[in-house]
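Coordinates in review
If you want the building blocks of each chain, they are given just below.
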Amino acid sequence: MIALTTVLKVKNAETGSTVDMELEAENTINEIIESAASFWHKDPGAYVLRRGKKVLGGSLTVKDANLVSGDVLELIPDPEGG
Amino acid sequence: MLVALRIGYEKDDRLDRAKRIEWLDVDRISRSSVLVLGAGALGNEVVKNLVLSGFKELAIVDFDRVERSNLSRCVFFSEMDALQGTHKAEALARAAMALVPGVFIKPIVGQVENLTMEDFEKHDLVFGCLDNFNARLHANSHSRSAGVPYIDGGMQGTIGKVFVSLPDGPCLECASNITHSRIAALRYSCTGRDVSFFMPPVPAEITTTSIVSALAVREGLRVLSKNAERLDGQMIYYDGGRNVCEVFEIDIDTHCPNHSRSSRGRSEDEATISR
């Protein structure tokens, strides 16, 4: 049986560049963030992933977050300084 | 009893203009106690906005001392403070009390992570003006357990955020992920104690600090004013590079340690992120 995959786009808020990602329903937001951060060689730091106006928690799965093919997620820095 | 109106009465009241804003509960604000965590750039601006807004009772927590590199963003610190290495909490408390008569500010020189639940319960509102995620987690979980609203601010370069967490809504940890865990873990050795490691200073400048602190204090004023529209459980995200300000929603995460079971009675160790 062929597993259904979701193909979505992740955008780097700091550079504007994008990458397509092929995901399975059980993949998590943590995994998406890790892959994208690694792909763009991001500096160590905190980032969050948002879809539209919603920030997605790291433990959510693709299925939990209702992500569908064609969605655009944006990786944005979560500022730590005070 | 009939009170005669005195010509020019409005000029003598420091808070006369604020009282003209319908939703703003100036009376409640003046009776509220605020805990400010962090006396750096954000702490300075937040305290300035708080005392000018009518708050009269504050406590400020910071273990650090004033350095010259703080002076471009900290309105209450002086060259003398930097020269003498004054504790930030003490310098900030002293200068802010001098700005507005009748305000009492208690400086607490110490680590945020050493504050107990009782320290949080004494206050009506907590502001996080911190520079690391571990301290934020401590503030987040303890405010929540104490039933006190927590407003967290953060900045990096020209980017800033303000998150409003109320005891019955989503919290800071609901919006966290593996990158936060990694940053938190960097600060610990295998013994679980703080270690020193090189972390380059975060880029910062005063205009972003001013905007983020103003947004944070405005949300604090809203939380204490019953008739105000509030941003419970939402994050204001400001990008000064693009001149964009957006409001993001955060859902309660059922895997979050503060939501998966009752947060009351969590131990100090449990209040830090699981590594």
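The shown structure was predicted, so the numbers you read here are calculated from the model rather than taken from an experiment.

Quick notes on the overall build of chain B
- Within chain B, the regular secondary structure consists of nine helices and eight strands.
- When each of the 275 residues of chain B is scored for burial, the buried share is 44%.
- Sequence-distant contacts in chain B: of pairs separated by 6 or more residues, those separated by 24 or more amount to 68%.

Comments concerning the packing of helix 3 (residues 41-53) of chain B against helix 9 (residues 206-224) of chain B
All names here are of chain B.
- Between helix 3 and helix 9, the shortest axis-to-axis distance is 9 Å and the interhelical angle comes to 45°. It follows that helix 3 is oblique to helix 9 by the angle criterion. The crossing of helix 3 and helix 9 is right-handed. Contacts from Ala41, Leu42, Glu45, Val46, Asn49, Leu50 and Ser53 in helix 3 reach Thr209, Ser210, Val212, Ser213, Ala214, Ala216, Val217 and Leu221 in helix 9.
- Taken together, the residues of the contact of helix 3 with helix 9 sort by class into nine nonpolar, five polar and one charged.

Examining unusual backbone geometry
Residues and elements named next belong to chain A.
- At Asn66, a residue that is not glycine, the phi angle is positive and equals roughly 55°.
- Tracing the chain through its elements places Asn66 in the loop between strand 4 (54-56) and strand 5 (72-77).
- For Asn66, a count of 9 C-beta atoms within 10 Å gives the class exposed.

Observations concerning the packing of helix 3 of chain B against helix 5 (residues 88-99) of chain B
All names here are of chain B.
- Packing of helix 3 against helix 5 leaves a shortest axis separation of 10 Å and a crossing angle of 25°. Considering their axes alone, helix 3 and helix 5 lie roughly parallel with respect to each other. Here helix 3 runs over helix 5; the crossing is right-handed. Judged by residue contacts, Gly43, Asn44, Val47, Lys48 and Val51 of helix 3 engage Leu92, Ala96 and Leu99 from helix 5.
- Classifying every residue of the contact of helix 3 with helix 5 by side-chain character gives five nonpolar, two polar and one charged.

Things to note about helix 3 of chain B
Residues and elements named next belong to chain B.
- Compared with an ideal rise of 1.5 Å per residue, which puts 13 residues at 18 Å, helix 3 spans 18 Å between its outermost C-alpha atoms and is within 8% of the ideal.
- Counted residue by residue, helix 3 has ten buried out of 13 residues, so it is predominantly covered.
- When helix 3 is considered as a whole, its buried residues turn out to be Ala41, Leu42, Gly43, Asn44, Glu45, Val46, Val47, Lys48, Asn49 and Leu50.
- Where helix 3 is buried, its residues contact strand 1 (33-37), strand 2 (57-61), helix 5, strand 4 (125-128), strand 5 (150-156) and helix 9.
- Gly54 sits one or two positions beyond helix 3 and adopts a positive phi of about 115°.

Brief notes about the environment of Arg28 of chain B
All names here are of chain B.
- Considering the arrangement of structural elements, one finds Arg28 in helix 2 (residues 26-31).
- Among the residues examined, Arg28 registers 14 C-beta atoms within 10 Å and is labelled partly exposed.
- For the pair Arg28 and Gly54, spaced 26 residues apart in sequence, the C-alpha to C-alpha distance is 9.5 Å.
- The contact partners of Arg28, leaving out residues within four places of it in the chain, are Leu224 and Ser225.

Regarding the nonpolar core
Residues and elements named next belong to chain B.
- The biggest cluster of nonpolar side chains holds 91 residues, and the ones touching the most others in it are Val36, Leu37, Ile60 and Phe127.
- Residue contributions to this core peak at seven residues, all from helix 9.
- If sequence neighbours within four positions are ignored, Phe127 has contacts with Val34, Val36, Leu37, Val46, Ile151, Ala216 and Gly220.

Thoughts on the interface of chain A and chain B
- Taken together, the contact between chain A and chain B spans 23 residues of the former and 35 residues of the latter.
- For the side of chain A that touches chain B, the secondary structure elements donating two or more residues are helix 1 (29-39), strand 3 (47-51) and strand 4 of chain A.
- Among the elements that take part in the side of chain A that touches chain B, helix 1 of chain A stands out by supplying five residues, more than any other.
- Of the residues belonging to the side of chain A that touches chain B, the class tally is ten nonpolar, seven polar and six charged.
- As paired strands, strand 4 of chain A and strand 8 (residues 244-250) of chain B are joined by two bridges and run parallel to one another. Bridge pairing in strand 8 of chain B places Val55 of chain A opposite Ile250 of chain B.

Here's the deal with the confidence of the model for chain B
All names here are of chain B.
- Residues with a pLDDT of 70 or more make up 89% of chain B, whose mean pLDDT is 90.
- When the criterion is pLDDT under 50, residues 262-275 qualifies, and its contacts beyond four places in sequence or with other chains add up to 23 contacts.
- For this predicted complex, the interface score ipTM comes out at 0.90, alongside a pTM of 0.90.

Some words on the pairing of strand 4 of chain B
All names here are of chain B.
- Here strand 4 shows no split at all, with Leu125 and Phe127 on one side and Val126 and Gly128 on the other all buried.
- Summarising the sheet, strand 1 and strand 4 pair through four bridges and their orientation is parallel. Its bridge partner being in strand 4, Val36 is matched across the sheet by Phe127.
- Across three bridges, the pairing between strand 4 and strand 5 is parallel. Bridge assignment links Phe127 to a residue of strand 5, and that residue is Ile151.
- In terms of handedness, the path from strand 4 via helix 7 (residues 133-146) over to strand 5 forms a crossover that is right-handed.

Reading the values: rules and limits
The written sequence of each chain sets the order in which its residues are numbered from 1. Chain labels run from A onward and ligand labels from 1 onward, assigned in the order the entries are written. Residues qualify for local features only when their pLDDT is at least 70, as the model is predicted, and side-chain atom pairs are given and counted only at 80 or more; totals for whole chains, interfaces and linings, by contrast, use all residues. Numbering of helices and strands runs from the N terminus; a helix is a DSSP stretch of H or I covering at least four residues, while a strand is a stretch of E covering at least two. Between the buried cut of 20 or more and the exposed cut of 12 or fewer other C-beta atoms within 10 Å of a residue's own C-beta lies the partly exposed class, and all C-beta atoms are placed from the backbone. In this description, a residue-residue contact is defined by the distance between C-beta atoms placed from the backbone, which must lie within 7 Å. Helix axes are fitted to C-alpha atoms over the stretch in contact, other axes to C-alpha atoms as well, and angles between N-to-C directions run from 0 to 180 degrees. Should an angle fall under 35 degrees it is taken as roughly parallel, and over 145 as roughly antiparallel, whereas 65 to 115 is taken as roughly perpendicular and any remaining angle as oblique. In this scheme the crossing of two helices becomes right-handed for a clockwise turn of the near helix relative to the far one and left-handed for an anticlockwise turn of less than a right angle. Polar here means any residue outside two lists: the nonpolar Ala, Val, Leu, Ile, Met, Phe, Trp, Tyr, Cys and Pro, and the charged Asp, Glu, Lys and Arg; Gly therefore counts as polar. One less than the number of residues in a helix, times 1.5 Å, gives the span that helix is expected to have. In this usage, the nonpolar core is the set of buried Ala, Val, Leu, Ile, Met, Phe, Trp, Tyr and Cys residues whose C-beta atoms join them within 7 Å. If DSSP finds at least two bridges between two strands, the strands pair. Per-residue confidence from the predictor is reported as pLDDT, a score between 0 and 100. Look down the strands so they point away from you; if the path from the first strand over the helix to the second goes clockwise, the crossover is right-handed.

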